[in-house]
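Notes for the structure review
What follows is each chain in one-letter form.
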Amino acid sequence: MPPPTAAARRAEPPAEDRESADGAAAPTPDTTSVADSAEVAADAEPDGATVAADEAADAEAADSADGTAAPDATPDTDATGTSDAAATDGAEKATEISETEAELAAQRELRARIEQRKAEKAAPIESGAKLSGTAADLLAAVRAVESGEQSGTAFFDSPARSTGGTPTAPAPRRPAPTATEPVRPRIPEPATAPRAAAAETVTAVRAVLTEGGAPQALAAQVSEVLGEQAADALREDPWRLLAVPGVRPEQADGFARALLGAECGPGDERRTAALVGWQLERAALQGHTALESSVVRGALAERSVPDPDEALQQAIAEGTVLVFQDGIEEAEEGDESAQPPVPVLLGLDRYALAEESLADGLARLAKSGADARWEAAEPTELVRAIAASGLVVHTGGEAARAEPVALAEAARALGLRAVVAVHSENGSRRLGPAAVTVAGLLSGAQGPGRDGDGAFALDLLVVLDAPQLDVETAAMLVESMPDGSRLVLSGDPGVLDSAGAGRVFADVLAARVCPQTASRTPDPGPIGELVSGIGIGELNQVAAPGKEVVIVPVRDAGEAVHRTVQLVADSVPRAIGVPPEQTQVITVGHGGSAGTHALNAALKQRLNPGPGKFGGFDPGDRVAYVPALGRTLPGTVVSAEADGLHLDCGGTPVLVPKERVESAVRHGWALTAHQAAGMRWPAAVVVLPGDAAQGLSRPWVYTAFSRGERHLSVVHGVDQALPRAVAEVPAQERTTRLRTLLEGLLAPAQ
């Protein structure tokens, strides 16, 4: 058990996971000892030559640990997530909507509501027109605030102008929901799940791509993104190719030059509008829901846009981006000279309006008032908090998950309808059949279903792994909460943030607008003690008499791959008793000489060699299926047929259509830390080659090192970069609006 100091530190909000140990004991940050006496380390030295990993399919560098994207996205991004689309048998296949399709339908319905709300915000502006009236004044205010010529409140103090030039009163801010009469809009029924693009559409797009010198393999993706008229849309505006994940501006520029010839120029309005949207979408892949206007302007200048200001004018006029200056009301009330300048933010409507919807929903729950029904329950700290408020935040590690689960059991004992939701199927199996996944709850495949108004039929929802909630998922979840219900967001604030845009859990914690309870239950054993120290920036030495933690030093990436294969295939099964299928390899990124591509190639060669009959996969291969950004579903290949790839994902059959295999399925012996978040295995092997040093941070190490339940091996080749990351490299900052929105709707809790 960890010493009292470590146990107390574990209750602190920021905690991350990382470990390094030598044989029976973990080395201190300044130690580079070799686990020569440990059986696992000894077994890692094989009978002969180093295992050579096949080259990665792409030549990408090690991915950033904080930027994530779907498997078909750019090489420097990381795909993560956890949910499954269960395949049905017989005639039901033709009629039932899978979990993934249902979630996509729910997302489409949310997009439709966002579009409707966007249309209601202002009258449309003719495409290509110059800004006038309020829009022009707002852009002028953006420049004035950034240059320091005016205060952040100057523009907002002035009355808005009508189109005729007569001053009118500014539109009132929408009031926060009240405790006495909470209002929640009825949630429409989900739309029909989207279908694959028609064959004739794909054929037409393929012809345009060929004419412009772009890869024909993009045809299906372009057709899905741009719709039935995709071919015509590309001819009219070749830069719309940037809407496809993975396409970069220089590639779109080359495609445009091939199609447009002399008409193509760096200041083309179509190009600048596409670049603004691409910049914000790229930022969303790194977790941002908005960017400061100066950042967007600078990015446009780097892309040789002649007049970045004019480009922003055009983007605002056409509705490509929205402009925000949250917190301006608070700045007006205080001493302006003492207030930091209120940043001017630009954001895409989908994230901006989802964040506003989420803030409104959380405020509605927080203001729901006390609930006398909880008076009969045992008055634990969590019970007292949930009895007083409809929104509660709970922090703690893996062992602390028992506390909100016990709260749900207490609610059921009182006759209340309680549901526990987790990020992944792996997490739900650890809790038992009563737990559901967030994706399953939203799609209706799991959980209590919905009432006549479209809200969840429940009184209490406990969400574990809350740091993995992105802003859009959280918005759909909170919008579905019935009036008067209770929501507990529980998680470990030391782990990596969500793969999608936003930092919902961290923003709610920072806003302090609801009761917060911090667990004092430490994770047990050497791994738990080590993780507790990492959470406060310390890499401590821990005793590991049962070889719970072992470090295996390596000189280069080739040796790192070789040692990893030996650990998974031989050493860990023999010394620890954990078979290869229950050992998970975790590394910094997909690319590089010891990324997931290289490690999976070497592990497949050793554990399940084969010709790769279907898109590089063979029956028995471990895979990571990514049905949507932020969700990774580990599984095993069962068979491949004309209709697609058949997987077994934790006992659930899944059919991945043939056209989605390349973009949604990867080998899964090795994952990134973002993909592994929210999941745990009996043993974990964390691989840290020398080129991974720049991708390390305290949250990354904390997340990766805490994935093993019984055993952790660290293939260590980064020298002092590891303790330096734990001590000095915090989480990557994300630009979001949720905290400010919550503080504007709710007074901070005392």
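Criteria and thresholds
Residues numbered from 1 in each chain as written. Predicted model: local features only at pLDDT ≥ 70, side-chain atom pairs only at ≥ 80, totals over all residues. Heavy atoms only, no water. Helix = DSSP H or I, 4+ residues; strand = E, 2+ residues; numbered from the N terminus. Buried < 20%, exposed > 50% of the residue type's maximum accessible area, 1.4 Å probe, protein only. Areas by Shrake-Rupley, 256 points an atom, 1.4 Å probe, with all protein chains shown as cover. Pairing = 2+ DSSP bridges. Axes fitted to C-alpha atoms, helices over the stretch in contact; angles between N-to-C directions. Salt bridge = Lys/Arg side-chain N within 4 Å of Asp/Glu carboxyl O. Core = buried A, V, L, I, M, F, W, Y, C linked by side-chain atoms within 4.5 Å. Contact = heavy atoms within 4.5 Å. Right-handed = clockwise from strand over helix to strand, strands pointing away. Expected span 1.5 Å × (residues − 1). Parallel < 35°, antiparallel > 145°, perpendicular 65-115°, else oblique. Nonpolar A, V, L, I, M, F, W, Y, C, P; charged D, E, K, R; others polar. Arc of directions from axis to C-beta.

1. Points about the overall build of the protein
What the protein contains, in helices and strands, is 29 helices and 21 strands. In the protein, which comprises 750 residues, the share counted as buried stands at 56%. Surface accessibility of the protein: about 30500 Å² in total, with carbon and sulfur atoms responsible for 51%.

2. Points about the sheet that holds strand E19 (residues 670–672)
By way of backbone hydrogen bonds, the strands of a sheet pair with one another, either parallel or antiparallel. As summarised here, the arrangement of the 5 strands in space is E12-E21-E20-E13-E19, forming an open sheet in which the pairing is parallel. Two strands close off the open sheet at either side, each with one partner strand: strand E12 (549–553) and E19. Neighbour-to-neighbour, the strand axes of the sheet open up by a mean angle of 25 degrees, direction not taken into account. In this structure, strand E20 (residues 681–688) lies alongside strand E21 (residues 708–716), joined through 7 bridges in parallel fashion.

3. Some points on the pattern of salt bridges
With the rule as written, the count across this model stands at 23 salt bridges. Arg350 is the partner of Glu472 in a salt bridge, and the nearest nitrogen-oxygen pair spans 2.8 Å. Of this pair, Glu472 sits in helix H20 (residues 471–479) while Arg350 sits in helix H15 (residues 349–366), placing them 122 residues apart in sequence. For Glu472, a relative accessible area of 9% gives the class buried. For Arg350, a relative accessible area of 21% translates into the label partly exposed. Of the charged contacts in the structure, one is a salt bridge between Glu559 and Arg563, with a shortest N-O distance of 3.1 Å. With Glu559 and Arg563 both in helix H23 (residues 557–575), this residue pair falls 4 residues apart, about one helical turn. The residues Glu559 and Arg563 share a single accessibility class, namely buried. Look at the salt bridges and you will find they share partners, linking Glu398, Arg401, Arg430, Asp465 and Arg680 into a network.

4. Points about the nonpolar core
The biggest cluster of nonpolar side chains holds 87 residues, and the ones touching the most others in it are Leu209, Val222, Leu234, Leu358, Leu461 and Leu487. Per-element accounting of this core gives the leading share, 8 residues, to H15. In contact with Leu461, not counting residues within four places along its chain, are Val419, Ala421, Leu441, Leu477, Met481, Arg486, Leu487 and Val488. Leu496, Ala624, Ala676 and Met679 belong to the second-largest nonpolar core, a separate cluster that totals 36 residues.

5. A few points about the sheet that holds strand E11 (residues 516–518)
As summarised here, the arrangement of the 6 strands in space is E8-E7-E9-E10-E6-E11, forming an open sheet in which the pairing is parallel. Each end of this open sheet is capped by a strand with a single partner; those strands are strand E8 (435–437) and E11. If you compare each strand with its neighbour and ignore which way they point, the axes differ by 25 degrees on average. Pairing geometry for strand E6 (residues 391–395) and E11, over 3 bridges, is parallel. Along E11, the bridge assignment pairs Thr395 with Ala518. Those strands touched by helix H21 (residues 504–511) are E6, strand E10 (486–491) and E11, and its axis lies near 105 degrees from that of E6.

6. Overview of the side chain of Asp253
Turning to its location among the elements, Asp253 is positioned in helix H10 (residues 249–260). Residue Asp253 is classed as buried on the basis of its relative accessible area, which comes to 13%. In contact with Asp253, other than residues within four places in its own chain, are Trp239 and Arg271.

7. Side note on the pairing of strand E7 (residues 418–422)
Among the 5 residues of E7, 5 are classified as buried, and the element is accordingly described as predominantly covered. Of the two faces of E7, the one carrying Ala418, Val420 and Val422 and the one carrying Val419 and Ala421 are both buried. As paired elements, E7 and strand E9 (residues 460–463) share 4 bridges and run parallel to each other. Along E9, the bridge assignment pairs Ala418 with Leu460. Pairing between E7 and E8: 3 bridges, direction parallel. Bridging from a neighbouring strand, Val422 pairs with Thr437 of E8. In this view, the connection linking E7 to its parallel neighbour E8 by way of helix H18 (residues 425–431) has right-handed handedness.

8. Overview of unusual backbone geometry
Here Ser304, not a glycine, exhibits a phi torsion of approximately 65 degrees, which is positive. Taking the relative accessible area as the measure of exposure, Ser304 reaches 48% and is therefore partly exposed. Located in the positive-phi region is Asp465, a residue other than glycine, with phi close to 55 degrees. Examined against the element boundaries, Asp465 turns out to sit in the loop between E9 and H20.

9. Thoughts on the pairing of strand E17 (residues 652–657)
Bridge analysis of strand E16 (residues 644–649) against E17 gives 6 bridges, and the strand direction is antiparallel. If you follow Gly644 over to E17, its bridge partner there is Pro657.

10. Observations regarding helix H7 (residues 199–211)
The terminal C-alpha atoms of H7 lie 19 Å apart, and with 13 residues this matches the ideal 18 Å at 1.5 Å per residue to within 8%. The secondary structure elements touched by the buried residues of H7 are helix H8 (219–226), helix H9 (230–236) and H10. Immediately beyond the C-terminal end of H7, within one or two residues, lies Gly213, with a positive phi of roughly 80 degrees.

11. A few points about the environment of Ile316
Its place among the elements puts Ile316 in helix H13 (residues 308–317). Ile316 gets classed as buried once you look at its relative accessible area, which sits at 14%. Along the backbone, Ile316 and Leu346 are 30 residues apart, and their C-alpha atoms lie at a distance of 9.2 Å.

12. What to know about the packing of H7 against H10
It is the contact of H7 with H10, at a shortest axis distance of 8 Å, that shows an interaxial angle of 90 degrees. With respect to H10, the element H7 is oriented roughly perpendicular. Note on element contacts: H10 touches H7 through Phe255, Ala258 and Leu259, opposite Val208, Leu209 and Glu211. Looking at side-chain class alone, the contact of H7 with H10 contains 5 nonpolar, no polar and 1 charged residues.

13. Details of the environment of Gly592
Checked against the element boundaries, Gly592 lands in the loop between strand E13 (583–587) and helix H24 (596–607). In this structure Gly592 comes out as buried when scored by relative accessible area, which is 18%. Counting along the chain gives 100 residues from Gly592 to Ala692, while the straight-line C-alpha distance between them is 8.6 Å.

14. Concerning helix H12 (residues 293–302)
Residues of H12 that are buried: Ser293, Val296, Arg297, Ala299 and Leu300. For H12, the buried positions fall inside an angular range of 160 degrees around the axis, keeping them on one side. Positive phi appears at Ser304, one or two residues downstream of H12, with a value of about 65 degrees.

Keep in mind that these numbers describe shape and distance, not what the molecule does.
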